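Read off the chains here:
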Amino acid sequence: MIFEAVVSSVVGACLCGLLGFYVSRLGLSTLAFTVAHAALAGAAVALMLGLDMTYSAMIFSIITAVTLGLLYDRLPHAMDSVCMVLFSFFNAVALLAIYYSNAVVLATASVSAVLWGSVLAVTKEKLIMLAGIAAVFTLYLIACRKHVDTILFDKRVAEAEGMNVALHITALLVLASLSLSMMLRIVGGFLVFTLLYVPTALASSLQLSMKGQYVTIPAFATLSTLAGLGASFTLDLPVGVSIALTTVVTAAAVKAVAAVIERSRMLKEG
Amino acid sequence: MRGGNRAPGTIRGNSYAVKLTKVWVRYSGSGKPAIKDVTLTLPKRCVALVTGPNGAGKTTLVETCLGLLKPYRGMVELLGVNTRSKSIASVRKLCSYVPQDFMKPPHVTYSVKQVIAMGLTSAKAVFEPITESEEARIAEVAELLGVEDLLDKPIGKLSGGQQQRVFVARALVRNPQALFLDEPFSSVDADSRYRIAEVLREYVDKAGAFAMVVSHDTRPVEPISDVIVELDNGVVKGVREK
């Protein structure tokens with residue numbers, strides 16, 4: 001159980017972190033945020049109906065990712081508004097579904113997986129699925145490297161040159177929805193977005209080269225996730241909360257140290 | 001001057017590159033149209049200079065011609081295809097675009113060669129490598145734009161003028177039928193402005209292509225342009241054919 005929890009957490013955190021790199025660089029954070037809350041709504045509905053939360057989260061979030069991908073092509077300037085409306089809707093659905101679940105369920109492991117995550121939710125089957133998603137993501141990047149790089153370099157120019165930007169955005173959002181749905185069981189629906197956003201925000205704030213960011217993100221995700229799991233086991237805290245807190249605190253600490261080093265370097269240079 | 005001042009939108013030529021018919025465009029959340037009732041037909045084998053003050057709607061016009069912005073009234077055709085049509089993506093593969101906000105920060109480490117080669121990506125299938133003739137074309141356009149010594153340098157470390165020349169090289173490497181350049185001289189020095197303008201003119205003549213150049217500074221483009229479109233407050237104030 002512990003082995004599955006540790007491996008799933010590390011693989012999932014690295015996967016989410018690297019997906020976050022693309023999501024952030026392509027300006028899709030709001031879209032990914034909406035997809036994450038669709039996953040939360042899906043998991044909550046499954047809780048109410050007694051279904052598998054991961055699969056339900058996947059269905060909700062994939063439908064949302066594909067819908068946003070299609071709308072991106074048609075309503076590029078209205079995506080923020082669309083996302084905020086959907087975000088409110090999914091939050092309302094999630095809370096309504098939890099409200100209509102058996103009241104006793106609020107104290108169970110099932111609901112803890114929805115709200116703040118649980119290592120008890122990790123199974124060998126889910127770990128294999130997570131590894132499969134990581135493999136698909138890697139294959140996608142290898143096959144479409146030139147196309148992804150071109151979009152990443154300048155999305156507007158790529159679009160003007162006839163690239164199918166919406167297709168790649170949809171592909172990345174679907175991959176994000178699958179990863180977030182898997183990690184939702186461990187980290188919880190309200191915190192899963194931390195894994196997508198914080199590692200890439202840190203790497204970006206350090207002004208690293210793209211290659212540097214690509215190395216830093218998984219390294220940081222692994223380190224902070226292991227620290228979170230350690231804190232969870234040692235202090236008997238909910239695992240999702242621990243991972244989110246260690247991720248944010250470690251990011252802040254790394255940024256502070258980097259700022260001090262940069263300042264002293266500038267002072268030396270006069 | 002061959003044609004002198006004409007009524008807005010009327011340009012000779014049977015085969016057109018861009019045709020706008022009573023086009024109105026506004027941005028999401030803005031009630032005010034950015035371009036209003038624009039009717040304009042621009043032929044192939046032509047360099048069109050689009051000029052006008054800030055906020056005249058020059059960039060909106062370029063992005064509308066490319067179909068990146070859709071009109072809420074009127075119709076836009078690019079190389080004979082309605083920009084609302086599904087096939088507009090295929091038509092865009094025949095076009096190139098140099099945007100106004102091109103500058104990349106230092107952490108963007110794609111090499112100049114990679115950036116120029118990106119211009120070829122939209123025509124490539126997955127795993128399809130760059131051919132020898134494409135390599136030669138990359139070297140050729142790099143030399144034309146004077147960036148041949150920068151091919152291995154990271155784009156983010158270059159000056160604004162150098163980056164701008166790389167973007168023009170990327171636009172040309174595609175052998176486009178239509179080029180759209182939004183303020184392509186904003187960061188380059190005076191000599192380079194005239195050099196880029198000459199390169200554009202030569203390309204248009206050789207390839208029978210069309211080029212729309214948006215420029216505040218009309219001096220380098222005016223001598224090489226066939227048509228001057230004057231925009232003001234979203235309206236075509238005049239079209240001069242030379």
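Given the structure is predicted, the values throughout are model-derived calculations rather than measurements.

About the cut-offs
Residues numbered from 1 in each chain as written. Chains lettered and ligands numbered in written order. Predicted model: local features only at pLDDT ≥ 70, side-chain atom pairs only at ≥ 80, totals over all residues. Buried ≥ 20, exposed ≤ 12 C-beta atoms within 10 Å, placed from the backbone. Helix = DSSP H or I, 4+ residues; strand = E, 2+ residues; numbered from the N terminus. Pairing = 2+ DSSP bridges. Contact = placed C-beta atoms within 7 Å. Axes fitted to C-alpha atoms, helices over the stretch in contact; angles between N-to-C directions. Left-handed = near helix turned anticlockwise from the far one by under 90°. Nonpolar A, V, L, I, M, F, W, Y, C, P; charged D, E, K, R; others polar. Domains from an automatic or database assignment. pLDDT = per-residue confidence, 0-100. Expected span 1.5 Å × (residues − 1).

Let us look at the pairing of strand β4 (residues 46-51) of chain B. Residues and elements named next belong to chain B. Burial within β4 is extensive, with six of its six residues counted as buried. The alternating pattern of β4 places Cys 46, Ala 48 and Val 50 and Val 47, Leu 49 and Thr 51 on opposite faces, both of which are buried. When β4 meets strand β9 (residues 210-214), the two strands line up parallel, connected through five bridges. By the bridge assignment, Val 47 is partnered in β9 with Ala 211. Where β4 and strand β10 (residues 227-232) come together, four bridges link them in parallel fashion. Bridge pairing in β10 places Leu 49 opposite Ile 228.

Below, the discussion takes up the sheet that holds strand β6 (residues 81-82) of chain B. By definition, the strands of a sheet pair up through backbone hydrogen bonds, in either a parallel or an antiparallel sense. Residues and elements named next belong to chain B. Strand order in the open sheet formed by four strands is β3-β2-β5-β6, and the pairing between neighbours is antiparallel. One side of each edge strand has no neighbouring strand; the edge strands of this open sheet are β3 (35-43) and β6. Sheet contacts for helix α1 (residues 58-65): β2 (16-25), β3 and β5 (73-78); angle to β2, the most-contacted strand, approximately 120 degrees.

Time to look at the environment of Val112(B). By the secondary structure assignment, Val112(B) is in helix α3 (residues 112-118). Once residues within four sequence positions are removed from consideration, Val112(B) is found in contact with Val147(B), Leu150(B), Leu151(B), Lys153(B), Ile155(B) and Val166(B).

The next point concerns the packing of helix α1 (residues 2-25) of chain A against helix α9 (residues 165-187) of chain A. Residues and elements named next belong to chain A. The geometry of α1 relative to α9 is characterised by a closest axis approach of 10 Å and an angle of 145 degrees between their N-to-C directions. Crossing angle aside, the handedness with which α1 passes α9 is left-handed. The residues of α9 that touch α1, namely those facing Ser 8, Ser 9, Gly 12, Leu 15, Cys 16, Leu 19, Tyr 22 and Val 23, are Leu 172, Leu 175, Ala 176, Ser 179, Leu 180, Met 182, Met 183 and Ile 186. Partitioned by chemical class, the residues of the contact of α1 with α9 number 12 nonpolar, four polar and no charged.

We now examine the domain arrangement of chain B. A common way to express how large an interface is: the accessible area buried when the components associate. Residue and element names in this part refer to chain B. The domain boundaries assigned to chain B delineate domain 1 (1-94 + 177-242) and domain 2 (97-175). Computed from C-alpha coordinates alone, the two centres of domain 1 and domain 2 are separated by 23 Å. For the side of domain 1 that touches domain 2, the elements supplying multiple residues, two or more each, are β8 (178-182) and α6 (190-207). By residue number, the principal contributor to the side of domain 1 that touches domain 2 is α6, which donates five residues. In terms of residue class, the side of domain 1 that touches domain 2 is made up of 10 nonpolar, three polar and four charged.

This paragraph deals with the interface of chain A and chain B. Across the contact, 22 residues belong to chain A and 24 residues belong to chain B. For the side of chain A that touches chain B, the element with the highest residue contribution is helix α7 (residues 145-153) of chain A, accounting for five residues.

Once that is clear, we can look at the environment of Gly208(B). All names here are of chain B. Mapped onto the secondary structure, Gly 208 falls in the loop between α6 and β9. Take Gly 208: there are 12 C-beta atoms within 10 Å of it, and that puts it in the exposed class. In sequence terms Gly 208 and Ala 56 are 152 residues apart; their C-alpha atoms lie 29 Å from each other. Apart from residues lying up to four places away in sequence, Gly 208 is in contact with Lys 44 and Arg 45.

Here we take up the confidence of the model for chain B. Residues and elements named next belong to chain B. Predicted confidence across chain B gives a mean pLDDT of 90, with 94% of residues reaching 70 or more. Considering only residues more than four positions removed or in separate chains, one finds that residues 1-8, a stretch of pLDDT under 50, has 12 contacts. Counting interchain partners and residues more than four positions distant, the pLDDT-below-50 stretch residues 10-14 has nine contacts. Both confidence scores are given for the complex: pTM 0.87, ipTM 0.90.

Residue and element names in this part refer to chain A. The end-to-end C-alpha distance of helix α11 (residues 210-235) is 37 Å, a good match for the 38 Å that 26 residues give at a rise of 1.5 Å each. Within the span of α11, buried status applies to Gln 213, Thr 216, Ile 217, Phe 220, Ala 221, Ser 224, Thr 225, Gly 228, Leu 229 and Ser 232. Buried residues belonging to α11 abut α1, α10 (193-205) and α12 (239-269). Just downstream of α11, Asp 236 is the residue with a positive phi angle, here 55 degrees.

A separate point is the environment of Ala135(A). All names here are of chain A. Topologically, Ala 135 is positioned in helix α6 (residues 124-143). With 10 C-beta atoms packed within 10 Å, Ala 135 lands in the exposed category. Along the sequence, Ala 135 and Leu 15 sit 120 residues apart, while their C-alpha atoms lie 9.9 Å from each other.

Note: most residues except glycine have negative phi, and most peptide bonds are trans. Residue and element names in this part refer to chain B. Positioned with a positive phi, Asn 175 is a non-glycine residue whose angle comes to about 50 degrees. Classification of Asn 175 by C-beta neighbours within 10 Å gives partly exposed; the count is 15. The phi torsion at Glu 183 lies on the positive side, around 50 degrees, for a residue other than glycine. Relative to the elements of secondary structure, Glu 183 occurs in the loop between β8 and α6.

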